[in-house]
Amino acid sequence: SIIAFLILTLLLFNIDNFSKSRVYGHDFVPNESASFLSFANQLQTESELVQSNLVNGNLSLAKEHATRAFEILNSKDPVNSVTWRDEIAERNQRVANELVTAISNLENTIVSPSSSLEQQQELTNQPIGEIDAIVEEAIATRIDRDQRVNATIQAIALGDIINTLLRYYGNAYEVGFDMGNMSEMASMMGNSSSITNYALVNVADYQSAQALAAKAQEIFNNELRPLA
C-alpha cells in the first residue's frame, strides 16, 4: 500500500530521527542521467494510468492522466533547463517525434466523443504500447549502458521519483506542506500537534502517487537490489 511504502521510504532515507540528530552519508548531486530516468518512469506511469482508468470506465481520470503525460514530456530538465522533448530530439529527432505523436494519439483517442468506452480501451492499447517502447529506446539512446547500471544514478532517480510521489500524495490530501521536502516532512512528523485527519481531495494525484510508489518499489527490487 502507499502507506507501507511511505514507511519504507522513511526507513530507506533514514529520516525518522532527522529532527534529533545529524545524518551523515553520501550527498548526491543533481545528475542529468538520473533525472532522465525519473522522467521516463513518470511518463510511462501516467500513460499506464490512462489505460487502467479506461478499464475501470473512468473517462475523466483517463483524460487527466493523458494530459499529465503530455505535460511531463514538455516539462524542463532541471539540469539543463530545456524540455525533455527537446532533450530527446538533440540525440534522436525521430524518437522525439514518435513520442510526441504517440502521446498526442493517446490524448486524442480519449477525447474523441465518437468512440465508445470499449473502442477507446482498444484504441489506447496501441499508443500506450508505443509509448513504452519509444521511451525505452530514448533511454538507450540518451544514457550509456554503464550509467544505466550505475547504482548511484539509479538511487538518485529513485529518490526523485519518491519525492514526486510524496508531493502527489500531499496534494491528494491537501496536507498544506511539501511532502517531497524531507525537512518539512520530518518537522511535521515531529510536531504531534500538527497531526490531522486529512480527506482525499484529488483522486488523480492519489492515483499518480500510488502508481509511482509501485514503480519505485519495482526499481528498488529490479535495479538497485542486484547492484547492492
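Anyway, here's the lowdown on the structure attached to this text. Note on numbering: residues in each chain are counted from 1, in written sequence order. Reporting of local features is limited, given that this is a predicted model, to residues whose pLDDT is at least 70; pairs of side-chain atoms are given and counted only at 80 or more, and all residues count toward the totals for whole chains, interfaces and linings. As a rule here, side-chain values cover all heavy atoms of the structure and leave hydrogens and water aside.

Let's talk about the side chain of S208
Part 1 of the argument: Along the polypeptide, S208 turns up in helix α10 (residues 203–227).
Part 2 of the argument: Each residue touching S208, except ones within four places of it in the same chain, is listed here: E46, L49, H65, R68 and Y168. Helix numbering and strand numbering both begin at the N terminus, where a helix is a DSSP run of H or I of at least 4 residues and a strand a DSSP run of E of at least 2. Whether two residues are in contact is decided by their heavy atoms: any pair within 4.5 Å suffices.

Things to note about the nonpolar core
Part 1 of the argument: Each nonpolar core is a collection of buried residues, namely Ala, Val, Leu, Ile, Met, Phe, Trp, Tyr and Cys, held together in the definition by side-chain atoms within 4.5 Å. The buried label applies to any residue whose accessible area, calculated with a 1.4 Å probe on protein chains only, is under 20% of its type's maximum; exposed applies above 50%, and partly exposed to all values in between. Ranked by internal contacts, the top residues of the largest apolar core, which has 34 residues, are F36, F39, L43, I88 and L99.
Part 2 of the argument: Secondary-structure elements contributing two or more residues to this core are α2 (32–55), α3 (59–73), α4 (84–91), α5 (93–111), α6 (117–142) and α8 (151–172).
Part 3 of the argument: If we ignore the near neighbours within four places in the chain, the residues touching L43 are A69, I72, L73, L99, I103 and V135.

Details of the side chain of Q44
Part 1 of the argument: Examined against the element boundaries, Q44 turns out to sit in helix α2.
Part 2 of the argument: Given the relative accessible area of 6%, Q44 is considered buried.
Part 3 of the argument: Residues within four places of Q44 in sequence aside, it is in contact with D132, V135, E136 and K215.

Some details on the packing of α2 against α3
Part 1 of the argument: For every element, the axis is a line fit to its C-alpha atoms; helices are fit only across the contacting stretch, and the angle between N-to-C directions ranges from 0 to 180 degrees. For the pair α2 and α3, interaxial distance at closest approach is 8 Å and the crossing angle is 165°. Classified by the angle their axes make, α2 and α3 are roughly antiparallel. Crossing of α2 over α3 shows left-handed handedness. Contact with α2, carried on its side by F39, Q42, L43, E46, S47, L49, V50, N53 and L54, involves L59, L61, A62, H65, A66, R68, A69, I72 and L73 of α3 and no other residues of that element. In these notes the angle categories are as follows: under 35 degrees is roughly parallel, over 145 is roughly antiparallel, 65 to 115 is roughly perpendicular, and the rest is oblique. The crossing is said to be left-handed when, going from far helix to near helix, the turn is anticlockwise and less than a right angle, and right-handed when the turn is clockwise.

Let's talk about empty space enclosed by the protein
Part 1 of the argument: Cavity: a set of points on a 1 Å grid over the protein atoms alone where a 1.4 Å probe fits but cannot get out. Pocket: an open set with protein on both sides within 12 Å along at least five of seven lines, its lining residues, like those of a cavity, having an atom within 4 Å of a point. Grid points are joined across faces, edges and corners, and a volume is the space filled by probe spheres set on the points. Under the counting rule described, the total for this entry stands at two cavities of 30 Å³ or more.
Part 2 of the argument: Approximately 40 Å³ is the volume found for the second largest cavity.
Part 3 of the argument: Forming the boundary of the second largest cavity are E87, I88, R91, N92, V95, A138, T141 and R142.
Part 4 of the argument: Broken down by secondary-structure element, the contributors of at least two residues to the lining of the second largest cavity are α4 and α6.
Part 5 of the argument: Among the residues forming the lining of the second largest cavity, the class breakdown is three nonpolar, two polar and three charged. Under the scheme applied here, ten amino acids are nonpolar (Ala, Val, Leu, Ile, Met, Phe, Trp, Tyr, Cys and Pro), four are charged (Asp, Glu, Lys and Arg), and all others, including Gly, are polar.

Structural notes on the environment of T152
Part 1 of the argument: In this fold, T152 is placed in helix α8.
Part 2 of the argument: On a C-alpha basis, the gap between T152 and A34 in space is 8.6 Å, while along the polypeptide they are 118 residues apart.

Thoughts on the packing of aromatic side chains
Part 1 of the argument: Here the aromatic set is Phe, Tyr and Trp, taking the six-membered ring for Trp, and pairing holds for ring centres within 6.5 Å; pairs whose planes are under 30 degrees apart are stacked, those over 60 apart are edge-to-face, and all others are tilted. This structure, assessed with the given rule, holds six aromatic pairs.
Part 2 of the argument: Taking 5.6 Å as the distance between ring centres and 75° as the angle between the ring planes, the aromatic pair formed by F36 and W84 counts as edge-to-face. Here F36, found in helix α2, pairs with W84, found in helix α4; they are 48 residues apart in sequence, far enough to count as distant. Like W84, F36 is buried.
Part 3 of the argument: Here the aromatic cluster, defined as three or more aromatic residues joined through ring pairs, consists of F36, F39 and W84.
Part 4 of the argument: Here, a charge over a ring is recorded when the distance from Lys NZ or Arg CZ to the ring centre is within 6 Å and its angle to the ring normal is within 35 degrees. The cationic tip of R142 hangs over the ring face of F36; the distance from NZ or CZ to the ring centre is 5.8 Å.

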